[in-house]
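Secondary and tertiary structure notes
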Amino acid sequence: MQAVSSPLSGSLIVAAAWVAIAALSLAPSGNAFFARKFAFPLGTLAGLALTAFGLQAIWLAPEQMTLPLGLPDLPFHLRLDPLAGYFLMLLGAVSAGVSIYAAGYFRDETAGRLALIALEYHLFLASMALVILADDAYLFMVAWETMALSSYFLVTTDHKLPAIRSAGFLYLLIAHLGAIAILLCFGVMSGGRGDYTFDALRAAELQPRWATAAFLLAFFGFGAKAGMIPLHAWLPEAHPAAPSPVSALMSGIMLKTAIYGMIRVIYDLIGNVRWEWGMVVLAIGAGTTLFGVLYALMQHDLKRLLAYHSVENIGIILLGFGMSMVFVGFGHPAAGALGLIAALYHTLNHAVFKALLFLGAGSILHATGLRNLNSMGGLIHKMPQTAFYFLVGALAISALPPLNGFVSEWLTFQTALQAPILKNGVVRSLLPLFAATLALAGALTAMCFVKVYGIAFLGRPRAAPTQVQTAQEIHDAGLMERFGMAWLAAGCFVLGLFPTSFLLMLNRVSVSLTRQGLPEAALESNWLWLVPIEPARASYSPIVFLIVIVCVTLLTFILVHRYYHGRVRFSEPWGCGYSEQTARTQDTADAFGQPIRHIFGPLYLMQRHMPAADDAAPRFSLKIHDRHWYWLYLPIARLTEYVSSKIALLQQGKISIYLLYSFLTLIALLIFVR
Amino acid sequence: MGQSLSSQLVNLLAAFLLLIAFAMLSQRRILTLIRLFAWQGAALTASTLIVAYTTGQVHLYFSAALTLLLKVLLIPWVLHRLIDRLQIRWDVETLINIPATMLIGIGLVIFAFALAAPISELANTLTRATLGIAMASVLLSFLMMIVRRKAVPQVIGFLAMENGLFFAATSATYGMPLVVELGVALDVLVGTFIFGIFFFHIREQFDSLDIRHMEKLKQD
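Residues numbered from 1 in each chain as written. Chains lettered and ligands numbered in written order. Predicted model: local features only at pLDDT ≥ 70, side-chain atom pairs only at ≥ 80, totals over all residues. Heavy atoms only, no water.

The next thing to look at is the overall build of chain A. The helix and strand inventory of chain A stands at 26 helices and 4 strands. Here the C-alpha atoms of chain A give a radius of gyration of 26 Å, agreeing with the 26 Å that 2.2 N^0.38 yields for 674 residues. For the C-alpha atoms alone, the extent of chain A along its principal axes is close to 100 × 70 × 60 Å. Buried positions account for 54% of the 674 residues belonging to chain A. Looking at chain A as shown, the accessible area adds up to about 29,000 Å², and 68% of this sits on carbon and sulfur atoms. Chain A carries 41 positive and 33 negative side-chain charges, and their two centres are separated by 5 Å. (Helix = DSSP H or I, 4+ residues; strand = E, 2+ residues; numbered from the N terminus. Rg over C-alpha atoms; globule rule 2.2 N^0.38 Å. Buried < 20%, exposed > 50% of the residue type's maximum accessible area, 1.4 Å probe, protein only. Areas by Shrake-Rupley, 256 points an atom, 1.4 Å probe, with all protein chains shown as cover. Lys, Arg positive; Asp, Glu negative; His and termini not counted. Charge placed at Lys NZ, Arg CZ, Asp CG, Glu CD.)

Take a look at the structure:
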């Protein structure tokens, strides 16, 4: 029974179970019985098991296995080390919450669609597990492409709408661009020796020039999947198009497999990290962070807004990762380990709270049929539980203590504060600038979620009842959905309140990856105080923080109750002299972003319609376009079209001409080989 | 049968093969084209048998039998049925007139021989002199595919090209492995059937088998 108890074979069994669930979902039955009743709950159990195996693997030595699958003479290699274990835990834990939510969310689908969704959904999960477990480039690419394709089909679930088809196409296009870069990166690393196991790639000593080429290819390829600028364009299109649990999976987990790939390839396979690489990662990361949050502020489509926040959070992860590379490159591995730990911690945190937020957005969409914030309002009355879970997610993403977002951003700041140990003056002065970007982004995120929460859940409904389902039809999320959100919300609390245990876990990942962990003083942090470097420099105790918050709240409540009670009266609020107050007099999502739009005006490409003074039915409308489209994507598209139109001249429509082409090619080749 | 006699016989058959390739290039009638194709197959079978007998390569007997069965009997029969059903016995139009085609063909044969000369020097097989001829017949068949306007002669050109390739394989290396030959034979057979089905569809669509009509399919 040794084989079964090892985490690697356990994880493999989980992946196989997901594939089996996917296959069984297709079993012919009148009402997609299996897919409706069992697929998602079973998937949840598999996810929980995977969490346990991942946690176990973090504390064990790396484990390897060769599967007799694949092509002849080219078997699949698997390996489970602490880094992979950590990401498996992330995959298992987050997917468990999303799956149980999906069990409720997809309840009302028709049989055919449900079977297909269950098939693609579980294949997607299994392929992500295999991406993490892969120990050769071949299995990695197979799993990577399976992941891209299954998520593509999930994004285009509503493929009858042209907008969704084009969103899916954009996603597939960028995913393949990235995959080509990753493939080339593996090619560069193998250096023509033809051995593509990660062991061989790890052992290979690359010349500096080729190592840099491999780094750039890996960064581009995984960055395309992660959604860093300027390759982020697919995110804000694909996330709103996909069903909400799928958006939660893609944003919560799939983007993280790209981070996993980046760390695996750059730290583990290429090795010998250079600080210049770190600066590239930092620059792109800072740009991504700022761009993501600034565009998120301008959105009024809730899921689009969340997608831009995913871009921003990937930027934050890249900031931590880039600082880590800079420190390691300059020969300060302890500070580098802290940066890596901050990046990994934020990876998990973002997975948890972003999945939670997407699920909340899904519940709103399910209940009201709305994605446009400008039409929402007052939902807290209709869906109090969803409102609570969404609030937890919003607080977490805004990096407010004692929730989890704060811990990882704080660790990132602590890494940046290590800058004085660097010898290079330019880099030393640049690092705090990047940290300042992060601070700005954090504040803007908080502003953005004040906007989301205030507009969607507070106030009064902004759309006329004809546009929305009538008020009675708006209902709170079902039991399964609430389970899913509660699981993830609990995750936000656990990750926020007990950071020390996760710090130790990540220290172990870092030691196994770079043979370097945190200084001794940091490892002595107890459950109460989190100390990243040494107690004299900085420490943080979320529990004390929580106790203070709870005490202050209670005290205020008691004081108000005691001394103010009885003087409250209920009446119509004063209407400022206006005879009529409608829902339209409230602030809208667009209005909320106006100050930022004013300050950062040149960044946006705005299409505004301002009503004239004497307009009988004044309506303000605003569309924000992404400048990347006009600066980068459209020129490339036009160039491609121009070149193809020239190449199309070859196509004359005459078979004889085509045959002549191959004939001439044959003759030319024959002359060439002579 | 001594080495020299069999070598001379193979050379004779190779010359015969080239002659048939030229005949096909100049032939206007489809029925005769099919007959020529069958004759080419027969020459190929004979030469393969001689090589097999002389060298004692057992698998060459199999490929000879396969050639006989497929290229001399089955495919010509299928093509006969096809043109009966499609009612196309009439003369074939060409894109370039026939004398010009023949001149290009002669140029190709010279090119093929020039190309094969250094390889033939290296090879020490019984049939090394015939490599140039084999390549020439491949190129001639290809030329035939290019200059014909109707679909059926193009298919015959395609099949004849396969004959040339087969002959090249036998003459240069005593044949390909049997598995490969079986695969190729199956491909040719299936290809013929698919072409047959396509002919019906093309005619249904355009009321003719003239491939000029397919130019309309081009996207603008």
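And the narrative resumes.
All names here are of chain A. Counting buried positions over the 8 residues of helix α10 (residues 234-241) gives 7, a clear majority of the element. Those residues of α10 lying buried are Trp 234, Leu 235, Pro 236, Ala 238, His 239, Pro 240 and Ala 241. Each element contacted by the buried residues of α10 is listed here: α6 (137-155), α7 (162-190), α9 (208-226), α11 (244-270), α13 (302-329) and α14 (333-368). (Contact = heavy atoms within 4.5 Å.)

Take the domain arrangement of chain A next. Taken domain by domain, chain A comprises domain 1 (1-226 + 256-272), domain 2 (275-563) and domain 3 (627-672). The C-alpha-based centres of domain 1 of chain A and domain 3 of chain A are spaced at 35 Å. (Domains from an automatic or database assignment.)

Time to look at the interface of chain A and chain B. A common way to express how large an interface is: the accessible area buried when the components associate. Listed by partner, the interface residues are 15 residues for chain A and 18 residues for chain B. Run the count over chain A and chain B and you get 0 salt bridges. At the boundary of chain A with chain B, the tally comes to 1 residue pair in polar contact (both at pLDDT 80 or more). Looking at the side of chain A that touches chain B, its residues break down into 8 nonpolar, 5 polar and 2 charged. (Salt bridge = Lys/Arg side-chain N within 4 Å of Asp/Glu carboxyl O. Polar contact = N/O pair within 3.5 Å; in protein donor to acceptor, adjacent residues only side chain to side chain. Nonpolar A, V, L, I, M, F, W, Y, C, P; charged D, E, K, R; others polar.)

The next subject is the side chain of Arg 264 of chain A. Residues and elements named next belong to chain A. As for its placement among the helices and strands, Arg 264 is situated in helix α11. Accessibility expressed as a relative area gives 3% for Arg 264, which makes it buried. In contact with Arg 264, other than residues within four places in its own chain, are Arg 79, Asp 81, Leu 83, Ala 84, Phe 198, Arg 202, Leu 269 and Leu 513.

What follows covers a nonpolar patch on the surface. Residues and elements named next belong to chain A. Where nonpolar side chains cluster on the molecular surface, the patch consists of Leu 639, Tyr 642, Val 643, Ile 647, Leu 650, Tyr 658 and Tyr 661 and spans about 680 Å² of accessible area. By residue number, the principal contributor to the nonpolar patch is helix α25 (residues 627-647), which donates 4 residues. In this structure, Tyr 642 sits in helix α25. (Patch = residues over 30% accessible without salt bridge, like charges linked within 9 Å, V, L, I, M, F, W, Y side chains within 5 Å.)

Turning our attention to the nonpolar core. Here is a general trend for soluble globular proteins: nonpolar side chains tend to be buried in one another's company. Core analysis: the biggest nonpolar cluster contains 197 residues, and Trp 18, Leu 91, Phe 140, Trp 144, Phe 186, Trp 234 and Phe 321 of chain A have the highest contact counts within it. When residues of this core are assigned to domains, at least three map to each of domain 1 (1-226 + 256-272) and domain 2 (275-563) of chain A. When near neighbours in sequence (up to four residues on either side) are disregarded, Trp 18 of chain A contacts Gly 43, Ala 46, Gly 47, Leu 50, Leu 91, Ser 95, His 122, Leu 125, Ala 126 and Ala 129 of chain A. Among the nonpolar cores identified, the runner-up in size contains 68 residues, and Leu 60, Leu 108, Ala 116 and Val 152 of chain B belong to it. (Core = buried A, V, L, I, M, F, W, Y, C linked by side-chain atoms within 4.5 Å.)

All names here are of chain A. In total, this model carries 13 salt bridges over all chains according to the counting rule given. With a shortest N-O distance of 3.9 Å, Glu 481 and Arg 107 are connected by a salt bridge. With Glu 481 in helix α19 (residues 479-497) and Arg 107 in the loop between α4 (82-105) and α5 (111-133), this pair connects stretches of sequence that are 374 residues apart. By relative accessible area, which is 3% here, Glu 481 ends up buried. Classification of Arg 107 by relative accessible area gives partly exposed; the value is 40%. Bridged by salt links that share partners, the residues Arg 79, Asp 81, Asp 135, Asp 199, Arg 202, Arg 264 and Asp 268 form one connected network.

Residue and element names in this part refer to chain A. With respect to the helices and strands, Glu 312 occurs in helix α13. Buried charge without a partner: Glu 312 forms no salt bridge, and the closest opposite charge is Lys 354, 6.5 Å away. Within the local environment of Glu 312, its side chain forms a polar contact with the side chain of Thr 445, the two groups lying 3.0 Å apart. Ignoring sequence-local partners within four residues, the contact set of Glu 312 consists of Thr 288, Thr 289, Gly 292, Val 293, Ala 441 and Thr 445.

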